[in-house]
Amino acid sequence: RLGYKITPFYLHDRVGYTNKRLAQVLISRGIRGLIFSPLNISEAATTPALPWEQFASVGFGQSLPELKFPRFDWNYRRAVRQLLRRLQDSGYRRIGLIVSHEYDRSINHPIEAEAHLHFHHTAKKDRVQPLIDDAIKQDETAREVIPRWAKRYQPEAFICSMPNYARIRRLGLLPPNTAYACWSLDYEHMIKDSIAWRNNSSGQEGGYADWEQFLGDYPEISGMVPDDDALAEQLVSQLISRLYHRQFGLPEVTSLTLIEQKWHDGETAPPKAAK
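Residues numbered from 1 in each chain as written. Predicted model: local features only at pLDDT ≥ 70, side-chain atom pairs only at ≥ 80, totals over all residues. Heavy atoms only, no water.

## Considerations on the packing of helix 2 (residues 76–89) against helix 4 (residues 110–120)
Okay, step 1: Across the interface, helix 2 lies against helix 4 with an axial gap of 8 Å and an inter-helix angle of 40°. In terms of orientation, helix 2 and helix 4 fall into the oblique class. Crossing of helix 2 over helix 4 shows right-handed handedness. Of helix 4, the residues touching helix 2 (which contributes Tyr76, Arg77, Val80, Arg81, Leu84 and Gln88) are Pro110, Ile111, Ala113, Glu114, Leu117 and His118. (Axes fitted to C-alpha atoms, helices over the stretch in contact; angles between N-to-C directions. Helix = DSSP H or I, 4+ residues; strand = E, 2+ residues; numbered from the N terminus. Parallel < 35°, antiparallel > 145°, perpendicular 65-115°, else oblique. Left-handed = near helix turned anticlockwise from the far one by under 90°. Contact = heavy atoms within 4.5 Å.)

## A short note on the pattern of salt bridges
Okay, step 1: Enumeration over the complete set of coordinates arrives at 10 salt bridges.
Okay, step 2: Glu260 serves as the salt-bridge partner of Arg78, at 3.0 Å between the closest nitrogen and oxygen. Of this pair, Arg78 sits in helix 2 while Glu260 sits in the loop between strand 10 (256–259) and strand 11 (262–264), and the two are 182 residues apart along the sequence.
Okay, step 3: Judged by relative accessible area, Arg78 falls into the partly exposed class, the value being 37%.
Okay, step 4: For Asp126, the salt bridge goes to Lys125, with nearest N and O atoms at 3.3 Å.
Okay, step 5: Three or more residues joined by partner-sharing salt bridges are found here, namely Arg77, Arg81 and Glu114. (Salt bridge = Lys/Arg side-chain N within 4 Å of Asp/Glu carboxyl O. Buried < 20%, exposed > 50% of the residue type's maximum accessible area, 1.4 Å probe, protein only.)

## Thoughts on the packing of helix 5 (residues 139–153) against helix 6 (residues 162–171)
Okay, step 1: The interhelical angle for the contact between helix 5 and helix 6, taken along N-to-C directions, is 80°, at an axis separation of 11 Å. In terms of orientation, helix 5 and helix 6 fall into the roughly perpendicular class. Between helix 5, through Asp139, Ala142, Arg143 and Ile146, and helix 6, the contact on the second element is made entirely by Arg167, Ile168, Arg170 and Leu171.
Okay, step 2: Considering only residue class, the contact of helix 5 with helix 6 consists of 4 nonpolar, no polar and 4 charged. (Nonpolar A, V, L, I, M, F, W, Y, C, P; charged D, E, K, R; others polar.)

## Considering the confidence of the model for the protein chain
Okay, step 1: Considering every residue of the protein chain, the mean pLDDT works out to 80; 80% of them sit at 70 or more.
Okay, step 2: Residue range residues 186–219 is modelled with pLDDT below 50. Its contacts to residues more than four positions away, or to other chains, number 105 contacts. (pLDDT = per-residue confidence, 0-100.)

Structure representation (structure tokens):
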């Protein structure tokens, strides 16, 4: 609406580019405003050393913490808290959480922090030790650690990322009738799992909720729904403001704005039947 155009630059496709060369490309194209999207651990290992005084910058996510530009991200801690509360309100008491160290570290540990807080504020008989282990990311090691964890703590429900949930269900690593809650729903996994759910021949039943889902493609999931348009609008508005006021360079003090998400009451986290 304001006449600006977004040009994507993929850092992993710029192998061999020096910081000087990358800056020259951006400036030659008249690009003075930068929006940084989340980077994985390997991509974020090397912080770009651009001539920041030439650019106004904002970021989505918490990658590259050395760069103190204004940032926007989802409020993961509140999302986990609401998922836990919703599962508790549905009658589930022994709720576990599965996450990899790498993933949680990439978003500054909000999931692990909320998991431990929940653990210590839960009655001892209902406590499930969070499974925080990079071994869950590979089939071979996941086959070992996840069933062992489930056998020891016997969760009635658990929360994990969508890719890990897809792996858990594909490999049959948890008992039937376990309720599920997921985050970071990936589009590709969402479509594949939608098909798998509808064509499940194992007879397993359970529920899972996802706080980063797209209702148009996966309407049956219960969970926290992110408003991508709202986050994008915040990013763009902040960037345009910095361009308009010629706020180039990196500020001495950074800011982090957390965007809330909304609960969608789908079909996959039904109330637990009373015994």
